[in-house]
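# Coordinates in review
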Amino acid sequence: MAEVAGFPDWDGDIAAARALQVELAARVVVRDDYRQPLRTIAGFDVGFEDDGATTRAAAVLLDADSGQVLASEVARIPTRMPYIPGLLSFRELPALLLALERLPQAPDLAFVDGHGIAHPRGLGIAAHFGVATGLPSIGVAKKTLVGSGSEPHQMRGAYTPLRHEGAQLGWVLRSKVNCNPLVVSPGHRVSMASSADLVMRFTGKYRLPEPTRLADRLASRRDEGRG
DNA sequence: GCGACAG
DNA sequence: ATCTTGTCGC
C-alpha cells in the first residue's frame, strides 16, 4: 500500500483502517504529561473547498497566558478519501499535520475539532493527531459519535461524564449558557479529569474554546473573504 | 434487518 | 463538512 506523508493511501479497505486504529489506540496515553505551566496552545480544524476536492486545514498558535495569537497557518491539499464515520482522521489528519509543520513552533497542547478517545476504537482525530505527532491533545466535538451522558446543568462550566460500554470516554460540557454542550475527550497525554478543565480554561464568551474557534474560522469556507 | 453515525 | 437570510428567543 503506497503512502503520502507517512499516511497510507486510501484503498477502500475499511477493515484494514480499523485494524490500524486499534494498533494506534494502544499507544494513546491518557494521563497528564504536558509542560506546566502551559506556554503555548494551538487550535486545529479542517474545512473543504471545491465541492470537497480540496481539504483545508487551519492551525492557530496562541500564548497560553495572554490568549494572544502568535501565528496562524492554513494548508491545502487534494482530498484523498471520503468521509466515513469512525474513520475521520484518515481523511483529515494529513492536512492538519501540514498546517502544524508550518507553525513557527509546536504548541505545548493542541485542541482539535473532533473527538479524542470518545471513539468506537478509542482513536478519534484528536487522539490520532496526538499519537502521530507526540503532542498532548484534546478533542473538542460538537456532537457525540459514541456513548451518552446526562444533560449537564445549565450553568456555564457544568459537565457530566460521557459513558460507553461501562467506561467513561469523555465529558458533555456546557461551555456556554443556552448553547448545546460540547463533547470533550482526552486526546493524548492529557487525563480525563484535566480535559474538561483545560477546555473551560481557554473558553471565553463563545461556545467553542478560543483555539478551536479561531481555527474553525480559518478552516471554514465562510472565511474566504480574508486570509 | 433497522437505525446511528465526529467532520 | 457544505448549500444559505432572515428570524425567533434568551
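Right above here is the structure, for reference.
Description of the structure in this document. (Residues numbered from 1 in each chain as written. Chains lettered and ligands numbered in written order. Predicted model: local features only at pLDDT ≥ 70, side-chain atom pairs only at ≥ 80, totals over all residues. Heavy atoms only, no water.)

## Some words on the sheet that holds strand S6 (residues 109–113)
Put simply, the test is: For two strands to be treated as a pair, DSSP must find no fewer than two bridges joining them. Starting at the N terminus, helices and strands are each numbered in turn, a helix being any DSSP run of H or I of at least four residues and a strand any DSSP run of E of at least two. Only C-alpha atoms enter the line fits that serve as axes; for helices the fit covers just the stretch in contact. Angles between N-to-C directions range over 0 to 180 degrees. We call two residues in contact when some of their heavy atoms are within 4.5 Å.
Within the open sheet, the eight strands sit side by side as S5-S4-S3-S6-S7-S10-S9-S8. Their pairing is mixed. Edge positions in the sheet fall to strand S5 (69–78) and strand S8 (159–164), since each of these pairs with one other strand and no more. Ignoring strand direction, the axes of neighbouring strands in this sheet form an average angle of 25 degrees. Pairing geometry for S6 and strand S7 (residues 137–141), over four bridges, is parallel. Bridge pairing in S7 places Asp113 opposite Val140. Contacts from helix H3 (residues 125–133) reach strand S3 (40–49), S6, S7 and strand S10 (182–188) within the one sheet, and its direction differs from that of S7 by about 160 degrees.

## Section: the packing of aromatic side chains
The condition is simple: When two rings of Phe, Tyr or Trp (its six-membered ring) have centres within 6.5 Å they constitute a pair, described as stacked for plane angles under 30 degrees, edge-to-face for angles over 60, and tilted for the intermediate range. Residue burial is assigned from relative accessible area. The probe radius is 1.4 Å, only protein chains are included, and a residue is buried under 20% of its type maximum, exposed over 50%, and partly exposed in between.
If you walk through the whole model with that rule in mind, you get three aromatic pairs. Ring centres of Phe111 and Phe202 lie 5.8 Å apart, and the angle between their planes is 75 degrees; on these two criteria the pair is classed as edge-to-face. Residue Phe111 is found in strand S6, and its partner Phe202 is found in the loop between helix H4 (192–201) and helix H5 (210–219); the two are separated by 91 residues along the sequence. With respect to class, Phe111 is no different from Phe202; both count as buried. Plain terms: the ring middles of Tyr159 and Trp171 are 4.8 Å apart, the flat faces sit at 70 degrees to each other, and that makes the pair edge-to-face. Residue Tyr159 is found in strand S8, and its partner Trp171 is found in strand S9 (residues 167–173); the two are separated by twelve residues along the sequence. Since its relative accessible area comes to 37%, Tyr159 is described here as partly exposed.

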